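Chain by chain, the residues run as shown.
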Amino acid sequence: MPELPEVETICRGLALRLEGRRLTRVVQRRRDLRFPLPDRFAARLTGRTVTRVARRGKFILAHLDDGQVLLCHLGMSGRLIIGEDATARPEPHDHIVFETDDGAAVRFNDARRFGFMDLVPATALAAYPRLAGLGPEPLDDGFTGAVLAAALRGKATSIKAALIDQRVVAGIGNIYASESLFWAGLSPRRLARTVQGGRAERLVAAIRRVLAEAVAAGGSSLRDYVQATGELGYFQHRWAVYDRAGAGCPGCDCALARTGGVRRIVQAGRSTFYCTRRQR
Ligand SMILES: [Zn+2]
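None of the values given here were measured: they were computed from a predicted structure.

J.: Can you tell me about the overall build of the protein chain, naming the residues and giving the values?
T.: Within the protein chain, the secondary structure is distributed over seven helices and 11 strands. In terms of overall dimensions, the protein chain has a C-alpha envelope of 60 × 35 × 30 Å along the principal axes. The buried share of the protein chain, reckoned over its 280 residues, is 53%. Across the protein chain, contacts joining residues at least 24 apart in sequence account for 67% of those joining residues at least 6 apart. Averaged over its 43 positive side-chain charges, the protein chain has a centre that lies 9 Å from the centre of its 28 negative ones.

In structure tokens:
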């Protein structure tokens, strides 16, 4: 599932390809994704020029020249694929195709259809329900230890569950929650409300570090394909603990210890990976 760094990379790729381009044709193959698409969706987009592509949390926001914003969430399995040739045959699950005035196309493909799109006036964006409740952007300067500590105060959930709650901080999912908690030395099972003071400072520093590194990795991956074609947003990345059950975590001999290395547990139906030695 794409998280902040993947969505940021997708936004940068879309910005390079779409900003200043006119949507000459929008092919809509379904009336709904996760939710129904807005009325006259394709017609309202056709002829519009994309002025700017931005991100908020895991949302892609394509600003249009008529003051509307095309809002897109990729859900679990949504993909945006840039093709040079708008006349290419659609793949299964290509639900929406945006053709541009340079003869290229961006395809939205989503086999599971947990993704969704909407059209919102830019002036109403801040009040849009799915955006209004979002917590701070973790890479913004305003996201400090004190801000995170205040959001966690009184929370009786695990810190892992709190981190993937988009109201606490925007854009973090399963992968970057595990990685951030590892680098902060905090157990994912710890009660969220106990992450205060120095612990909150450490966690904010770790979140910013893992996200910034992944955004940078995504940025270098863009150079490889933005001149060509392909799927946006996925890049090679090495994890310290995520998906590494049984392996040793960096700089620790936990794999040789009785604990047997990185442990996988399930919290609220989602996998969490952590080192029981280094994370308390
Ligand atoms: Zn370890």
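Anyway, onward from the coordinates.
J.: Tell me about the coordination of the zinc ion, and name the residues and values.
T.: Bound to the zinc ion on the protein side are Cys249 (SG), Cys252 (SG), Cys254 (SG) and Cys275 (SG), at distances that span 2.2 to 2.5 Å. Coordination at the zinc ion is tetrahedral, judged from the four donor atoms that bind it and the angles of 97 to 114° they form at the metal. Written as a sequence motif, the donor residues of the zinc ion are C-x2-C-x1-C-x20-C. A single burial state applies to Cys249 and to Cys254, both of which are buried.

J.: For the pattern of salt bridges, give the residues involved together with the corresponding values.
T.: Any two side chains of opposite charge can pair, on the condition that their charged atoms come close. Summed over the entire model, instances satisfying the criterion amount to 15 salt bridges. In this structure, Glu213 and Arg209 form a salt bridge, with 3.5 Å as the shortest nitrogen-oxygen distance. Of the two residues, Glu213 and Arg209 both sit in helix α7 (residues 197–225), four residues apart, roughly one turn of that helix. Since its relative accessible area comes to 40%, Arg209 is described here as partly exposed.

J.: Can you break down the pairing of strand β7 (residues 105–109) residue by residue, with the values?
T.: A large share of β7 lies buried, amounting to five of its five residues. Along β7, one buried face is formed by Ala105, Arg107 and Asn109 and the opposite face, lined by Val106 and Phe108, is buried too. When strand β5 (residues 79–83) meets β7, the two strands line up antiparallel, connected through five bridges. By the bridge assignment, Leu80 is partnered in β7 with Phe108. Taken together, the five bridges between strand β6 (residues 94–100) and β7 define a ladder with antiparallel strand orientation. Among the inter-strand pairings, Ile96 is bridged to a residue of β7, identified as Phe108.

J.: An account of unusual backbone geometry is requested, with residue identities and associated values reported.
T.: Here Arg113, not a glycine, exhibits a phi torsion of approximately 55°, which is positive. Secondary-structure assignment places Arg113 in the loop between β7 and β8 (116–121).

Quick notes on the rules
Residues numbered from 1 in each chain as written. Predicted model: local features only at pLDDT ≥ 70, side-chain atom pairs only at ≥ 80, totals over all residues. Heavy atoms only, no water. Helix = DSSP H or I, 4+ residues; strand = E, 2+ residues; numbered from the N terminus. Buried < 20%, exposed > 50% of the residue type's maximum accessible area, 1.4 Å probe, protein only. Contact = heavy atoms within 4.5 Å. Lys, Arg positive; Asp, Glu negative; His and termini not counted. Charge placed at Lys NZ, Arg CZ, Asp CG, Glu CD. Donors = N, O, S within 2.8 Å, 3.2 Å for Na, K, Ca; no water. Tetrahedral: all angles 85-135°; square planar, octahedral: opposite > 155°, others 65-115°. Salt bridge = Lys/Arg side-chain N within 4 Å of Asp/Glu carboxyl O. Pairing = 2+ DSSP bridges.

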